[in-house]
Amino acid sequence: MTASIDRDAARSGEARVAVIGAGEMGRTLIGGWLDAGAVAAGSIFATAGHEERIAAVGEKFGIEGAVDNRRAAEFGDIVLLAVKPQTADQVLQEIGDLLHPGQVLVSILASVRTSYIEDRVPAEVPVVRAMPNTPTRVAAGMTALSPGRFASADHVAQAERLFLPLGRTVVADEKHMDAITGLSASGPAFLYIVIEALAEGGVKAGLPRKMAIELAAQTCLGAGKMVIDTDRHPALLKDEVTTPAGCTVDGILRLEEGGLRVTLIKAIIEAAARARELVPDE
């Protein structure tokens, strides 16, 4: 069964977006676009490997979908590749002959280089590699973009317009994308552990759990906003909180004693290294 809506419901002049692979990240982006009003439901087409998944996605978001990736390739002005990296070759062989230079192929596949995709698409299709993270779902995401050989500044701008309503974007050299994957794509998981640990500390100190979680989460959100909005180094902002002989410096000493700083650095390095291992055979 295929979820379907009238394509005439699409916004006038709006780029149509085909999401090939409505998995966790694909659904996250679709939900983010719809909530932000960035893309109309009638301008989105999604695919998945099972009819049940497509029916569920169609019912949840009110979008059109199918198990046929070729239909998606024909639909989209922007084609978002969101399948598993290990299936990239198979999917590109399936849709490659339908893609053309008038489209933009945006890949969110970890580790898969733009050259890998370009080598498997007959036409000189502009490819933009993107690495978003899950907070895009609540318009607080971070997405890095890297253009391929045939992608112009206009093509990057098209991709950027897709992700800006979901948070912030940066344009980066592709050589940095594995490190970005380890930092901003994996980073939310690390910070959830930090939030959980801060909340547990609050509970240990006598706070109700729900209050402790809210205090911890908002504190992390606020600290990040301070870094972004003030454009100041986090060490300087830390020093402003750390008054002489105060309670904060005692807490920082305990963090340093426990190796939090080194552990987080190693977590990023390990995640980035793992990202490099996901690269399909050339």
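Everything numeric here is computed off the predicted structure, so don't read it as measured data. (Residues numbered from 1 in each chain as written. Predicted model: local features only at pLDDT ≥ 70, side-chain atom pairs only at ≥ 80, totals over all residues. Heavy atoms only, no water.)

So, about the packing of aromatic side chains. In this description, an aromatic ring pair is defined by two values, namely the gap between the centres and the angle between the planes. Per the stated rule, a full pass over the model turns up 1 aromatic pair. Sitting over the ring of Phe75, Arg16 keeps its end group 4.4 Å from the ring centre. The ring of Tyr116 carries Arg120 above its face, with NZ or CZ at 3.6 Å from the centroid. (Phe/Tyr/Trp six-rings, centres within 6.5 Å; stacked < 30°, edge-to-face > 60°. Lys NZ or Arg CZ within 6 Å of the ring centre and 35° of its normal.)

With that settled, consider a nonpolar patch on the surface. Together, Leu207, Met211 and Leu215 make up an exposed nonpolar region whose accessible area comes to about 250 Å². As for its placement among the helices and strands, Leu207 is situated in the loop between helix H8 (187-204) and helix H9 (209-230). (Patch = residues over 30% accessible without salt bridge, like charges linked within 9 Å, V, L, I, M, F, W, Y side chains within 5 Å. Areas by Shrake-Rupley, 256 points an atom, 1.4 Å probe, with all protein chains shown as cover. Salt bridge = Lys/Arg side-chain N within 4 Å of Asp/Glu carboxyl O. Helix = DSSP H or I, 4+ residues; strand = E, 2+ residues; numbered from the N terminus.)

Where helix H7 (residues 177-185) contacts helix H12 (residues 260-277), the axes come no closer than 7 Å and their chain directions differ by 130°. Taken together, the axes of H7 and H12 are oblique relative to one another. Crossing of H7 over H12 shows right-handed handedness. On the side of H7, the interface is formed by Asp178, Ala179, Thr181, Gly182 and Leu183, while H12 contributes Ile268, Ala271, Ala272, Ala275 and Arg276. In the contact of H7 with H12, the residues fall into 6 nonpolar, 2 polar and 2 charged. (Axes fitted to C-alpha atoms, helices over the stretch in contact; angles between N-to-C directions. Parallel < 35°, antiparallel > 145°, perpendicular 65-115°, else oblique. Left-handed = near helix turned anticlockwise from the far one by under 90°. Contact = heavy atoms within 4.5 Å. Nonpolar A, V, L, I, M, F, W, Y, C, P; charged D, E, K, R; others polar.)

This part covers helix H1 (residues 24-36). Along its 13 residues, H1 runs 18 Å from first to last C-alpha, staying within 8% of the 18 Å computed at 1.5 Å per residue. Among all positions of H1, only Met25, Gly26, Thr28, Leu29, Ile30, Gly31, Gly32 and Trp33 are buried. Buried positions along H1 lie against strand E1 (17-20), strand E2 (44-47), helix H2 (51-61), strand E4 (78-81) and helix H6 (153-163). Gly37 lies just past H1 and shows a positive phi near 70°. (Expected span 1.5 Å × (residues − 1). Buried < 20%, exposed > 50% of the residue type's maximum accessible area, 1.4 Å probe, protein only.)

Bringing the side chain of Glu174 into the picture now. Structurally, the position occupied by Glu174 is in the loop between strand E8 (167-171) and H7. Accessibility expressed as a relative area gives 19% for Glu174, which makes it buried. Beyond its immediate sequence surroundings of up to four residues, Glu174 is in contact with Val112, Arg113, Thr114, Arg129 and Ser146.

A word on the pattern of salt bridges. Evaluation of the coordinates by the stated rule reveals 15 salt bridges. For the salt bridge of Arg129 with Glu174, the shortest nitrogen-to-oxygen distance reads 3.1 Å. Taken together, the positions of Arg129 in strand E6 (residues 127-131) and Glu174 in the loop between E8 and H7 put the pair 45 residues apart, joining distant regions of the chain. Note on Arg129: relative accessible area 3%, which makes it buried. Look at the salt bridges and you will find they share partners, linking Arg129, Glu174 and Asp178 into a network.

Attention now moves to the state of the cysteines. One covalent bond between the sulfur atoms of two cysteine residues makes up a disulfide. Taken as a whole and judged by the stated rule, the model has 0 disulfides. For Cys220, which is in no disulfide, the shortest distance to another cysteine sulfur is to Cys247 and amounts to 17 Å. (Disulfide = S-S within 2.5 Å.)

This brings us to the sheet that holds E6. Strand order across the open sheet formed by 8 strands is E3-E2-E1-E4-E5-E6-E7-E8, with mixed pairing between neighbours. Because the sheet does not close on itself, it has two edges, and the strands there are strand E3 (64-66) and E8. Neighbour to neighbour, the strand axes of the sheet diverge by 20° on average, direction disregarded. Pairing between E2 and E3: 3 bridges, direction parallel. When the sheet's bridge partners are listed, Thr47 is paired in E3 with Ala66. This element, H6, spans E1, E4, strand E5 (104-107), E6, strand E7 (141-147) and E8 of the sheet and lies at about 165° to E7. Packed onto the sheet, H7 meets E6 and E7 and runs at close to 35° relative to E6. (Pairing = 2+ DSSP bridges.)

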